[in-house]
Amino acid sequence: MSGRPLQVAVIGAGPAGIYASDILSKSDLDVSIDLYEKLPAPYGLVRYGVAPDHPRIKQIIKALYNILKRGDIRLVGNVEVGKDVSFAELHEHYDAIIIATGADRDRPLNIPGAQLPEVYGASQFVYWYDGHPDHKRTWPLNAKEVAVIGVGNVALDISRMLTKHPDDLMVTEIPENVEQGLRRSPITDVHVFGRRGPAQVKFTPMELRELGEVPDVDIIVYEEDYQYDEASEEAVNSSKMKRQVVNILTDYLLDQAEEKTASRRIHLHMLQQPAKILGEKHVEGIRMERTALQGDGSVKGTGEFIDYPVQAVYRAVGYFSSPIPGAPFDEKRGIVPNSGGRVTDGPDGEVLTGMYATGWIKRGPVGLIGSTKSDAQETVNNLVADFNAGLLHATTNQLGWHAMENLLNGRGVRFTTWKGWELLEAYEKELGAKAGRERIKVVERETMTAISRGEKHDGKLY
Ligand SMILES: Cc1cc2nc3c(=O)[nH]c(=O)nc-3n(C[C@H](O)[C@H](O)[C@H](O)COP(=O)(O)OP(=O)(O)OC[C@H]3O[C@@H](n4cnc5c(N)ncnc54)[C@H](O)[C@@H]3O)c2cc1C
């Protein structure tokens, strides 16, 4: 032991990075933690993924805020590892690195027509309505009928956001440009498609039930989609959550007897897989193939095709992580290869001393925010065990933040701090207060940065 604190850099200030920092700071180790975040705002997908009409989930931000407010974890915002500083530089200056960079893009959908301009990744739409500074400020909401491919919560989020009337979103923190965009939308019907049956959908019960509570939006389901094979029965019998989901879907089916009068509809289709997106230059429809359960919960195409007239297709078939240049990455699984959070030099490879991973980059883009906490616990336990085994502190010249601050200033990187985030947060809340809302997000990165750094800015919000 060199008599100085262990210098640890955490990359990514989403829930995984914040929880890992918190758990590590409460361990027995004498540790100094620097939390690097590429955006001027912390909280990752809680701010830029969770839908704005989920304020209860956004409350998790309060717990994350309370961790960072303590001041024993140094937030270094507006610094992208792999761009503003290299992974190698970070590795050189810290005893240990925890990668917590999450997942930021969509899995591709490989079917004919997927290259048409109105085929969108769900993440891009989510970034637009959540006001991510690095993504589009306008969104082409021209379609009356839309297909959403995928039956997870992201598919529910985007279907809800596409159909919900903007007046029902005004209590939320949506940016002004999003409100204006949604007001112009002519949408009437969203068709959500899943390949498998009711027992295989990935929705969680609360989110599925919530769909039926959106004002002036009817849920339409189809009796022929309610099929169960042996594996389905087993899944429903062995999982309370699956049972709840199937019960809610059954309630929607029973509800079909009621007259439907809403001006917008969400159709939940199951046992259909996309075969082709129709149209030469623009999306004019989608061809779906009916599937049949095979007994083990898997499906096969039946050769029966159904065309739906839609003018846009959203693929919500899963998020996918991006690599940090210079850091190990498993291209196939889209994760940093690791064993219990200890980074390895490849799938089933050797452990790389002093390198760790946590959150969605560690285990793939599945699981709610809560699961990033238990995940961080495992990673930090292994880091602490490695320290106790004398594996860290391999060199004595890591200077952590002192070296990095000089390096960032030398490069003119306008990094932001926790105090800076508090300034930006106060600004957003003030904007919100003027409009009778809790907050209005600042989207423009330059404005976010300038406000955080106490610099002059032109007040441009998006
Ligand atoms: C659309 C959507 C809706 C969701 N809704 C819910 C919900 O309602 N309830 C719920 O419990 N869960 C929800 N989730 C899941 C939840 O968001 C995740 O479980 C959680 O955010 C994963 O945490 P993470 O820290 O691993 O990744 P992230 O939240 O993605 O955080 C990663 C952070 O790393 C930063 N970063 C990335 N690369 C770099 C780099 N090179 N240098 C520096 N920083 C970097 C990113 O900017 C980001 O801030 C939702 C997810 C999505 C996609």
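Our structure is the block above this text.
Not measured: the values here are computed from a predicted model. (Residues numbered from 1 in each chain as written. Predicted model: local features only at pLDDT ≥ 70, side-chain atom pairs only at ≥ 80, totals over all residues. Heavy atoms only, no water.)

Visitor: Go over the overall build of the chain, please, and point to the residues and values.
Guide: On a plain count of helices and strands, the chain comes out with 16 helices and 18 strands. Since a compact globule built from 462 residues should have a radius of gyration of about 23 Å, the 24 Å found for the chain is in line with a globular shape. In terms of overall dimensions, the chain has a C-alpha envelope of 70 × 50 × 40 Å along the principal axes. Residues classed as buried in the chain amount to 57% of the 462 residues present. Counting contacts in the chain only where the partners sit at least 6 residues apart, residues at least 24 apart contribute 75% of the total. Entry remark: accessible area of the chain is about 19900 Å², with carbon and sulfur atoms responsible for 50%. Side chains of the chain carry 54 positive and 65 negative charges; the gap between the two charge centres is 3 Å. (Helix = DSSP H or I, 4+ residues; strand = E, 2+ residues; numbered from the N terminus. Rg over C-alpha atoms; globule rule 2.2 N^0.38 Å. Buried < 20%, exposed > 50% of the residue type's maximum accessible area, 1.4 Å probe, protein only. Contact = heavy atoms within 4.5 Å. Areas by Shrake-Rupley, 256 points an atom, 1.4 Å probe, with all protein chains shown as cover. Lys, Arg positive; Asp, Glu negative; His and termini not counted. Charge placed at Lys NZ, Arg CZ, Asp CG, Glu CD.)

Visitor: Describe unusual backbone geometry, and please don't skip the residues or the numbers.
Guide: Peptide bonds are, in most cases, trans, and in most cases residues other than glycine have a negative phi. Of note in this structure, Tyr43 is not a glycine but carries a positive phi near 90 degrees. On the secondary structure map, Tyr43 appears in the loop between β2 (31–36) and α2 (45–48). For Asn78, which is not glycine, the phi torsion reads 65 degrees and is therefore positive. If you trace the backbone, Asn78 turns up in the loop between β3 (73–76) and α5 (87–93).

Visitor: Lay out the sheet that holds strand β6 (residues 119–121) in plain terms, naming residues and giving numbers.
Guide: On the basis of which strands lie adjacent, the open sheet formed by six strands has the order β6-β14-β7-β8-β10-β9 and parallel pairing. Edge positions in the open sheet fall to β6 and β9 (217–221), since each of these has one partner strand only. Going across the sheet, the axis of each strand differs from the next one's by a mean of 20 degrees, ignoring polarity. Both strand β7 (residues 145–149) and strand β8 (residues 189–193) contribute to a ladder of five bridges, which runs parallel. (Pairing = 2+ DSSP bridges. Axes fitted to C-alpha atoms, helices over the stretch in contact; angles between N-to-C directions.)

Visitor: Tell me about the sheet that holds strand β13 (residues 299–308), and please be specific about residues and values.
Guide: An order of β11-β12-β13 is seen for the three strands of this open sheet, with the pairing classed as antiparallel. Only two strands of the sheet have a single neighbouring strand rather than two, namely β11 (272–278) and β13. When strand polarity is set aside, the average angle formed by the axes of neighbouring strands in this sheet is 25 degrees. Both strand β12 (residues 285–293) and β13 contribute to a ladder of seven bridges, which runs antiparallel. Directly across from Leu293, in β13, lies its bridge partner Val299.

No statement about biological role is implied by the geometric values presented.
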